[in-house]
Amino acid sequence: MQILVTFTSEEKQINLLIDNRQKITDTLSTVKETGLLPDYELDSVHYVKSLRMNRRISVFCSYEMAGVYSGDILKICNKDI
C-alpha cells in the first residue's frame, strides 16, 4: 500500500509517496542520491522520530513494521533522540 510521509530536518521538509513495505533506510538512501536533504549525512542516521507517535523508530524497520501511516511526519536526527 502506498503512504504519504513527510521527512523533516532542521531546515527542510519533503513529502514522499512510499510503499509501506519499504525499509526506511532504503528511502533515506534514495533521498541521499537525489540530494533532497543535503544538510544531513544520511548514512549515519539510525533513528528517525515520529512526530505523530512521539517515539523514535529504527531506520532498519519497514514503515509497516514501525506503525508509520500516511500523514506521518518523520524527523531526521543524526544524534540519539
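What comes next concerns the included structure.

What counts and what doesn't
- Residues numbered from 1 in each chain as written.
- Predicted model: local features only at pLDDT ≥ 70, side-chain atom pairs only at ≥ 80, totals over all residues.
- Heavy atoms only, no water.
- Helix = DSSP H or I, 4+ residues; strand = E, 2+ residues; numbered from the N terminus.
- Pairing = 2+ DSSP bridges.
- Axes fitted to C-alpha atoms, helices over the stretch in contact; angles between N-to-C directions.
- Contact = heavy atoms within 4.5 Å.
- Core = buried A, V, L, I, M, F, W, Y, C linked by side-chain atoms within 4.5 Å.
- Buried < 20%, exposed > 50% of the residue type's maximum accessible area, 1.4 Å probe, protein only.

## Quick look at unusual backbone geometry
The backbone phi angle of Asn54 is positive, close to 55 degrees, even though this residue is not glycine. Within the secondary structure, Asn54 is located in the loop between strand 3 (47-50) and strand 4 (55-58).

## Comments concerning the sheet that holds strand 3
What links the strands of a sheet is backbone hydrogen bonding, and the strands pair in either a parallel or an antiparallel sense. Pairing within the open sheet is mixed, and its five strands lie in the order 2-1-5-3-4. Strand pairing shows two members of the sheet lacking a second neighbour, strand 2 (13-19) and strand 4, which therefore form its edges. Put simply, the sheet's adjacent strands are angled 35 degrees from each other on average, direction ignored. In this structure, strand 3 lies alongside strand 4, joined through four bridges in antiparallel fashion. Among the inter-strand pairings, Val48 is bridged to a residue of strand 4, identified as Ile57. On the sheet, helix 1 (residues 24-34) packs against strand 1 (2-8), strand 2, strand 3, strand 4 and strand 5 (73-76) and is oriented at approximately 130 degrees with respect to strand 2.

## Overview of the nonpolar core
Judged by nonpolar contacts, the single largest core of 20 residues is most densely connected at Phe7 and Tyr63. For this core, the elements supplying multiple residues, two or more each, are strand 1, strand 2, helix 1, helix 2 (63-66) and strand 5. What Tyr63 contacts, discounting residues up to four positions off in sequence, is Ile3, Val5, Phe7, Ile18, Asp19, Asn20, Gln22, Lys23, Ile24, Thr27, Val68 and Leu74.

## A short note on the pairing of strand 5
Residue alternation in strand 5 divides its side chains into a buried set, Leu74 and Ile76, and an unburied set, Ile73 and Lys75. One ladder, built from three bridges, connects strand 3 with strand 5; its direction is antiparallel. Residue pairing in the sheet places Val48 in a bridge with Ile76 of strand 5.

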